[in-house]
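Descriptive structure summary
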Amino acid sequence: MNRNARFRQKLQDSVLTHAMSAHNPLSARLAAEAGFDAIWGSGFELSASYAVPDANILSHSQHLDMMRAIAAAVDVPVIADIDTGFGNAVNVSYIVPQYEAAGCSAVVMEDKTFPKDTSLRAAGRQELVRIEEFQGKVEAACGARRDADFCVIARTEALIAGAGEQEALARASAYEAAGADAILIHSRQSEPGEILSFVAAWRGRVPLVLVPTAYPQLRESDIQALGKVGLVIYGNHAIRAAVGAMRDVFARIRRDGGIHEVDAGLPSVKEIIGLQGDAGMRELERRYLK
Ligand code: SPV
Ligand code: MG
């Protein structure tokens, strides 16, 4: 079974699939090594790694190039976060085959206006497009895929925009009718009540996708027990772990006046060489360097 088929099957079976965010091939490799089922090609993380806001400041080609590099570095499926689709339904028709050709197994596209603003920032600019317009974008994404197993996940930001549960449900149903393979329902409430209520009210056939960044108390076992959620995405834990670790080590080196204290506690250079795929290169040397 190829990666796309494996991802579709995992998304649809009764066992919760877990995706970890990544902003480059190394973080993706570490996520795969830790046992995550899939990689979340996060726009938030990639933006943060360039030290710019997650608001379509980076171009489509910058994101696409990183997805291609990530998909080449891991065997697990890659879910590309294409924000609002970088334009209208016509733009979506052009970019979806590019993400598929880059080795991604799914795209997630959200129903906000372009350029989007990041979802979790307090008082962000959260403007939704018309339901019919976004249905057209979902249809365009589904129509543009070459492999029927490539998944199109529609994300509604209705709760993020404060439009309420009825609007979120209406949008989710409309996007399912347009062909979406799953619905990502996002919330930035610090309690999971809003999400739990949506999940309980959801009558659609396609699985739901949750990103529990704002409500971390909701565990995988709780999500699995809901029965309607196929995928949980940990949206920004690679970049937050990296920032925390770098800040700590950099401050300690300044404080200690050298690297003598921190060195033993860090991953060794040998470990990093291993993560770079050194064994594969040595094998190529052995076979082909004459
Ligand atoms: C991302 O990781 O880029 C996401 C999830 O879209 S969130 O930042 O929570 O909107
Ligand atoms: Mg994003």
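Basis of the calculations
- Residues numbered from 1 in each chain as written.
- Chains lettered and ligands numbered in written order.
- Predicted model: local features only at pLDDT ≥ 70, side-chain atom pairs only at ≥ 80, totals over all residues.
- Heavy atoms only, no water.
- Helix = DSSP H or I, 4+ residues; strand = E, 2+ residues; numbered from the N terminus.
- Rg over C-alpha atoms; globule rule 2.2 N^0.38 Å.
- Buried < 20%, exposed > 50% of the residue type's maximum accessible area, 1.4 Å probe, protein only.
- Contact = heavy atoms within 4.5 Å.
- Areas by Shrake-Rupley, 256 points an atom, 1.4 Å probe, with all protein chains shown as cover.
- Lys, Arg positive; Asp, Glu negative; His and termini not counted.
- Charge placed at Lys NZ, Arg CZ, Asp CG, Glu CD.
- Phe/Tyr/Trp six-rings, centres within 6.5 Å; stacked < 30°, edge-to-face > 60°.
- Expected span 1.5 Å × (residues − 1).

1. Describing the overall build of the protein
Scanning the protein from terminus to terminus reveals 12 helices and 8 strands. Here the C-alpha radius of gyration of the protein, 20 Å, is about what a compact globule of 290 residues would show, namely 19 Å. Per-residue burial for the protein yields a buried fraction of 48% across its 290 residues. When contacts within the protein are restricted to residue pairs at least 6 apart in sequence, long-range pairs at least 24 apart make up 71% of them. Of the accessible surface of the protein, which amounts to about 13,800 Å², a share of 54% is contributed by carbon and sulfur atoms. Across the protein, 31 positive and 36 negative side-chain charges occur, with their mean positions spaced 3 Å apart.

2. Examining the packing of aromatic side chains
A complete count under the given rule lists 3 aromatic pairs for this structure. The interplanar angle of 75° and the centroid separation of 6.2 Å between the aromatic rings of Phe-36 and Tyr-234 together place this pair among those described as edge-to-face. Pair noted here: Phe-36 is in the loop between α2 (25-34) and β2 (38-41) and Tyr-234 is in strand β8 (residues 229-234), with a separation of 198 residues, a long-range link.

3. Brief notes about helix α7 (residues 165-177)
With 13 residues, α7 extends 18 Å from end C-alpha to end C-alpha; this agrees with the ideal 18 Å at 1.5 Å per step. Next to the buried residues of α7 lie α6 (131-144), β5 (151-156), β6 (182-185) and α8 (193-201). Two residues or fewer past α7, Gly-179 is found with a positive phi of approximately 115°.

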